[in-house]
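# Topology and contacts: notes
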Amino acid sequence: NAGVMQNPRHLVRRRGQEARLRCSPMKGHSHVYWYRQLPEEGLKFMVYLQKENIIDESGMPKERFSAEFPKEGPSILRIQQVVRGDSAAYFCASSPGVWETQYFGPGTRLLVL
Amino acid sequence: KNEVEQSPQNLTAQEGEFITINCSYSVGISALHWLQQHPGGGIVSLFMLSSGKKKHGRLIATINIQEKHSSLHITASHPRDSAVYICASTGNQFYFGTGTSLTVIP
């Protein structure tokens, strides 16, 4: 059973471009969580999704950020018009059910030039 | 004030020492998580608990719901335990502690 997969592992974007981060949960997991870790800072919750539904997006910046978890395919975290402050490690995790143990992906390191 | 507070922020121990990391939270929770982040950045979920005590190998996690406090213990510490340990609460929202950076010296 493959673990949580994220791609790309590293992403470089110029200011104003779009960044798309993908997360494939573990097989059988229908709950996906996205977290951001800014340089030298701790993890921060961004959004929690269940298949086709956003359950909690209280940690998402109000503008430029969006997330989806379609019926088929990976979960996508999309950042439009990236700025240097978006440079961070973005981790996703999945769980089989709500409030169950989360399994983390290796993260995507986004660098905005 | 953070909803989840960890102490200490940094900890250095000699190999073989017994280690305790503390976590206090101020919000109602459904569960308390302990995570380990390796120097390379990868994150592993160690424990999820809502009451009592859990043990996995040399790691023990306890939680006191009334006192809103959890501890992570490492027995017979080893240099490979060197990592950042993070506690996080899940309830109505997700809150993370700032992490405890542990270095175990041979």
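Described in the following lines is the structure provided in the data block.

Cut-off values and rules
Residues numbered from 1 in each chain as written. Chains lettered and ligands numbered in written order. Predicted model: local features only at pLDDT ≥ 70, side-chain atom pairs only at ≥ 80, totals over all residues. Heavy atoms only, no water. Helix = DSSP H or I, 4+ residues; strand = E, 2+ residues; numbered from the N terminus. Rg over C-alpha atoms; globule rule 2.2 N^0.38 Å. Buried < 20%, exposed > 50% of the residue type's maximum accessible area, 1.4 Å probe, protein only. Areas by Shrake-Rupley, 256 points an atom, 1.4 Å probe, with all protein chains shown as cover. Contact = heavy atoms within 4.5 Å. Pairing = 2+ DSSP bridges.

### Looking at the overall build of chain A
- When helices and strands are tallied, chain A shows 0 helices and 11 strands.
- Overall, chain A shows an N-to-C arrangement of helices and strands of β-β-β-β-β-β-β-β-β-β-β.
- Here chain A has a C-alpha radius of gyration of 13 Å; the compact-globule value for 113 residues is 13 Å, and the two agree.
- Counting only C-alpha atoms, chain A reaches 35 × 25 × 25 Å along its principal axes.
- Among the 113 residues that make up chain A, the fraction classed as buried is 44%.
- Looking at chain A as shown, the accessible area adds up to about 5,800 Å², and 47% of this sits on carbon and sulfur atoms.

### A closer look at the environment of valine 44 of chain B
All names here are of chain B.
- Among the secondary structure elements, valine 44 is positioned in strand S5 (residues 43-49).
- Of the residues examined, valine 44 reaches a relative accessible area of 35% and is grouped as partly exposed.
- For valine 44 and tyrosine 85, which are 41 residues apart along the polypeptide, the C-alpha to C-alpha distance reads 9.7 Å.
- Here valine 44 is in contact with Trp34, Leu35, Gln36 and His38, once residues within four sequence places are set aside.

### Regarding the pairing of strand S4 (residues 31-37) of chain B
Residues and elements named next belong to chain B.
- Taken across its 7 residues, S4 has 7 buried, putting it largely inside the fold.
- As judged from the 7 bridges shared by S4 and strand S9 (residues 83-90), these two strands associate in the antiparallel manner. In the sheet register, leucine 35 faces S9, and the bridge partner there is isoleucine 86.
- Bridge count for S4 against S5 is 6 bridges, and the pairing is antiparallel. In the strand pairing of S5, leucine 32 is matched with leucine 49.
- Counted along the chain from S4 to the antiparallel partner S5, the turn is 5 residues long, and its residue glycine 41 has a positive phi close to 110°.

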